[in-house]
Amino acid sequence: MVRLLYPIYFVLIAAPLFLVLTVLTALTTTAGCLLGGERIFSYYPGMLWSRLACLLVLCPVHVQGREHLKRGRSYVFAANHQGAFDIFLIYGFLGLPIKWMMKAGLGRIPLVGYACRAAGFIFVDNSSPRAARRSIAEAEQRLKDGFSLAVFPEGSRSQTGRMGRFKKGAFQVAFDRGLPVVPITLNGPYHVLPIGAWLPWPHRLEMVIHPPIDSKAPAAEEGVDEFACMQQVADRTREAIASALWKEFR
């Protein structure tokens, strides 16, 4: 019965409400940021939108590890990327203001892309090494006034729910700015809306926030160069994320 009724509920109620909420959130974010309220409007409308999205799709959310974070401090948050609902889970329930580091293609989404630019989110251009370096430099400039950076080091959603190879951009930002990297394990978004699906399906969502990793610690070791330092931090981040993955995603 649930499998019959839920698609009807989603098409007739949840999807129209989500569309309206998305338009209102984009307009509110854009107007608020352009009028000088970026600190408030780049975060709170999106946070509320994300929480309501999870509520509309009937996904219960469980969060562990917020006690590891300090308000007013900047971090680089690095999470595994299981599906589209990863964004709602982090944005809605992390509890700290963040700037997103995202694919350049997302900037072409009507209204949403413009709102993201107004909010100071960073669109990564990987068309060339020089363009990628510019994206990293822009991300570093955005980390001020207590804002943090949220990144999916895999770069794209997983096809299977398991982690892919990490790219180094997030760790370069952390190393250059001397910021701690906070690993985040996400479980459940793969079951809600994996790649290729059009109908979100209710499922339990879990976010585990791990203790911060000092990006400068490996540099203190004699003979460790910058690349090796970043690689050590990336490896420790990946290990932390993997430690809390549900068994099916390991």
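Not measured: the values here are computed from a predicted model.

(A) Main features of the pattern of salt bridges. The tally for this structure, following the rule as stated, stands at two salt bridges. Note that Glu-38 is salt-bridged to Lys-99, the shortest N-O span being 2.5 Å. Remark: Lys-99 occurs in strand 3 (residues 98–103) and Glu-38 occurs in helix 2 (residues 38–41); sequence separation between them is 61 residues. On the basis of relative accessibility, which here comes to 1%, the residue Lys-99 falls in the buried class. Close ionic contact of Arg-204 with Glu-206 constitutes a salt bridge, the shortest N to O distance being 3.8 Å. Assessed through its relative accessible area of 9%, Glu-206 is described here as buried.

(B) Molecular detail of the packing of helix 3 (residues 44–56) against helix 4 (residues 85–93). Taken N-terminus to C-terminus, the directions of helix 3 and helix 4 make an angle of 125°; their axes are 8 Å apart at the nearest point. Comparing the axis directions of helix 3 and helix 4 gives the class oblique. Pair helix 3 / helix 4 crosses with left-handed handedness. Of helix 4, the residues touching helix 3 (which contributes Gly-46, Met-47, Trp-49, Ser-50, Arg-51, Ala-53 and Cys-54) are Phe-85, Ile-87, Phe-88, Tyr-91, Gly-92 and Phe-93. Of the residues assigned to the contact of helix 3 with helix 4, the class counts are nine nonpolar, three polar and one charged.

(C) Representation of the side chain of Glu-154 within the structure. In this fold, Glu-154 is placed in the loop between strand 5 (148–151) and helix 7 (169–177). The contact partners of Glu-154, leaving out residues within four places of it in the chain, are Ala-79, Asn-80, His-81, Arg-162, Met-163, Gly-164, Arg-165, Phe-166 and Lys-167.

(D) The arrangement of the pairing of strand 2 (residues 76–79) in detail. Of the two faces of strand 2, both are covered, the one formed by Val-76 and Ala-78 as well as the one formed by Phe-77 and Ala-79. Inspection of the sheet shows strand 2 paired to strand 6 (residues 181–187) by four bridges, in the parallel sense. From the neighbouring strand, Phe-77 faces strand 6, where its bridge partner is Val-182.

(E) Representation of helix 7 within the structure. Of all the nine residues making up helix 7, seven are buried; the element is thus mostly covered by neighbouring parts of the structure. Among the residues of helix 7, those classed as buried are Gly-169, Ala-170, Phe-171, Gln-172, Val-173, Ala-174 and Phe-175. Positive phi shows up at Gly-178, right after helix 7, with a value of about 65°.

(F) Focus on the packing of aromatic side chains. A full pass over the atoms with the stated rule returns 16 aromatic pairs. Pairing Trp-49 with Phe-88 gives two aromatic rings, centres 5.0 Å apart and planes at 75°, and the pair type is edge-to-face. Remark: Phe-88 occurs in helix 4 and Trp-49 occurs in helix 3; sequence separation between them is 39 residues. Note on Trp-246 and Phe-249: the rings are 6.2 Å apart at their centroids and 20° apart in plane angle, and the pair reads as stacked.

Conventions we followed
Residues numbered from 1 in each chain as written. Predicted model: local features only at pLDDT ≥ 70, side-chain atom pairs only at ≥ 80, totals over all residues. Heavy atoms only, no water. Salt bridge = Lys/Arg side-chain N within 4 Å of Asp/Glu carboxyl O. Helix = DSSP H or I, 4+ residues; strand = E, 2+ residues; numbered from the N terminus. Buried < 20%, exposed > 50% of the residue type's maximum accessible area, 1.4 Å probe, protein only. Axes fitted to C-alpha atoms, helices over the stretch in contact; angles between N-to-C directions. Parallel < 35°, antiparallel > 145°, perpendicular 65-115°, else oblique. Left-handed = near helix turned anticlockwise from the far one by under 90°. Contact = heavy atoms within 4.5 Å. Nonpolar A, V, L, I, M, F, W, Y, C, P; charged D, E, K, R; others polar. Pairing = 2+ DSSP bridges. Phe/Tyr/Trp six-rings, centres within 6.5 Å; stacked < 30°, edge-to-face > 60°.

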